[in-house]
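# Fold and geometry: a report
The primary structure of each chain is shown beneath.
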Amino acid sequence: MSASSNIGGHRGRRGPGLLLRGINRAFCRGWHRLSSVGQRLPDGPVILVGNHLCGLDPLLIQASVNRPLSFLMARDYYRKMWYLRWGFDLVGAIPVSPGGANRHAVREAIDVVRAGHALCLFPEGAANPPIPLHRILPGAALIARQSGAPLVPFRVSGVLPFDHVHLWKPFYRRSHARIVIGEPVYLPPAADDGDAREAICQDTRLIRHAIHALARFDIAD
């Protein structure tokens, strides 16, 4: 049996195996009537970046692509949802602290991408922020710079936004979910004598623009 067909984790693969991806795809397309538009992911290292509406988003994006994904996830949820931690570990989730010190998590993410895997993260750092795509954290740009991987933007629409009270409502309430996947984006070469902070700001603006440009495909809830 190949590594990609295993259900559990494997040192040569990150993300869920074929069976889990099939179950997830059936749930997302059947219950949430998921439709997807866009590109197949390229082979090799790749980083997916997109807007974040609710906890259902990782399931939807995984159901929309042709490769297993590893995710960055909030450390608070990783700790509080102890009853699901086995599942997070099973698919190779990497806990991070939004706005905190994440040196080890970022290093693990870079290693995952350099190993040729597909990593997905939500650069807003929180679900359903007050101003969508207003704040883009630098993690995606840092990982892309260090790994040399392309960034693939995506956009989620048609689902119930997370309201910080009814955590599970977006999962069981039926929706007309849509994922739109854009073309790969490569960060421009960094200037040798450039200001590092300004370079990160430029990278985050590029990421924001790439995600926001997909808004024309949004559907109503």
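Check the entry above for the structure.
This section reports on the structure supplied with the text. (Residues numbered from 1 in each chain as written. Predicted model: local features only at pLDDT ≥ 70, side-chain atom pairs only at ≥ 80, totals over all residues. Heavy atoms only, no water.)

### Some words on the nonpolar core
Quick reminder of the rule: Only buried residues count toward a nonpolar core. Its members are Ala, Val, Leu, Ile, Met, Phe, Trp, Tyr and Cys residues joined through side-chain atoms within 4.5 Å. Think of it in three bands: with a 1.4 Å probe and only protein chains considered, a residue is buried below 20% of the maximum accessible area for its type, exposed above 50%, and partly exposed in between. Any two residues having at least one pair of non-hydrogen atoms within 4.5 Å are treated as being in contact.
With 27 residues, the main nonpolar core has Leu48, Leu60, Ile61, Leu69 and Phe154 as its most contacted residues. For leucine 48, the residues in contact, after removing those within four places along its chain, are Leu41, Ile61, Val65, Leu69, Ala118, Leu119, Cys120, Leu121, Val152 and Phe154. Ranked by size, the runner-up nonpolar core spans 23 residues in total, among them Leu119, Ala140, Ile207 and Ile211.

### A closer look at the side chain of asparagine 24
Going by this rule: Every helix listed is a DSSP run of H or I at least four residues long, and every strand listed is a run of E at least two residues long, numbered separately from the N terminus. We define a polar contact as two N or O atoms separated by no more than 3.5 Å, with the added condition that, inside protein, one atom must be a possible hydrogen donor and the other a possible acceptor, whereas residues neighbouring each other in sequence contribute only through side-chain atom pairs.
Its location among the elements puts asparagine 24 in helix H1 (residues 18–30). Given the relative accessible area of 13%, asparagine 24 is considered buried. A polar contact of 2.9 Å, which involves the side chain of asparagine 24, links it to the backbone oxygen of leucine 59. Residues in contact with asparagine 24, not counting those within four places in the same chain, are Leu59, Gln62 and Ala63.

### What about the sheet that holds strand S5 (residues 118–121)?
As a general point, the strands of a sheet are linked pairwise by backbone hydrogen bonds and lie either parallel or antiparallel. Going by this rule: Strand pairing is assigned whenever DSSP identifies at least 2 bridges connecting the two strands. All axes here are fitted lines through C-alpha atoms, helices being fitted over the stretch that makes contact, and every angle between N-to-C directions spans 0 to 180 degrees.
On the basis of which strands lie adjacent, the open sheet formed by 7 strands has the order S1-S7-S6-S2-S5-S3-S4 and mixed pairing. Among the strands making up the open sheet, the edge pair consists of strand S1 (35–38) and strand S4 (94–96). Put simply, the sheet's adjacent strands are angled 25 degrees from each other on average, direction ignored. Its contacts with the sheet put helix H5 (residues 103–114) on strand S2 (46–50), strand S3 (69–74), S4 and S5, and the angle it makes with S4 is roughly 145 degrees. Sitting on the sheet, helix H6 (residues 139–147) touches S2, S3, S5 and strand S6 (151–157), and the angle it makes with S2 is about 165 degrees.

### What about the packing of H6 against helix H8 (residues 196–212)?
The description of two packed helices rests on the angle between their axes and on the distance between the axes. For clarity, the threshold we go by: Reported orientations rely on four angle classes, namely roughly parallel under 35 degrees, roughly antiparallel over 145, roughly perpendicular from 65 to 115, and oblique for the rest. In this classification, Asp, Glu, Lys and Arg are treated as charged, Ala, Val, Leu, Ile, Met, Phe, Trp, Tyr, Cys and Pro as nonpolar, and every other residue, Gly included, as polar.
Axis separation between H6 and H8 bottoms out at 9 Å; the angle between their running directions is 105 degrees. Regarding the angle of H6 to H8, the classification is roughly perpendicular. Taken together, the residues of H8 that come into contact with H6 (itself represented by Ala140, Ala141, Leu142 and Arg145) are Ile200, Asp203 and Ile207. Residues belonging to the contact of H6 with H8 are distributed by class as follows: 5 nonpolar, no polar and 2 charged.

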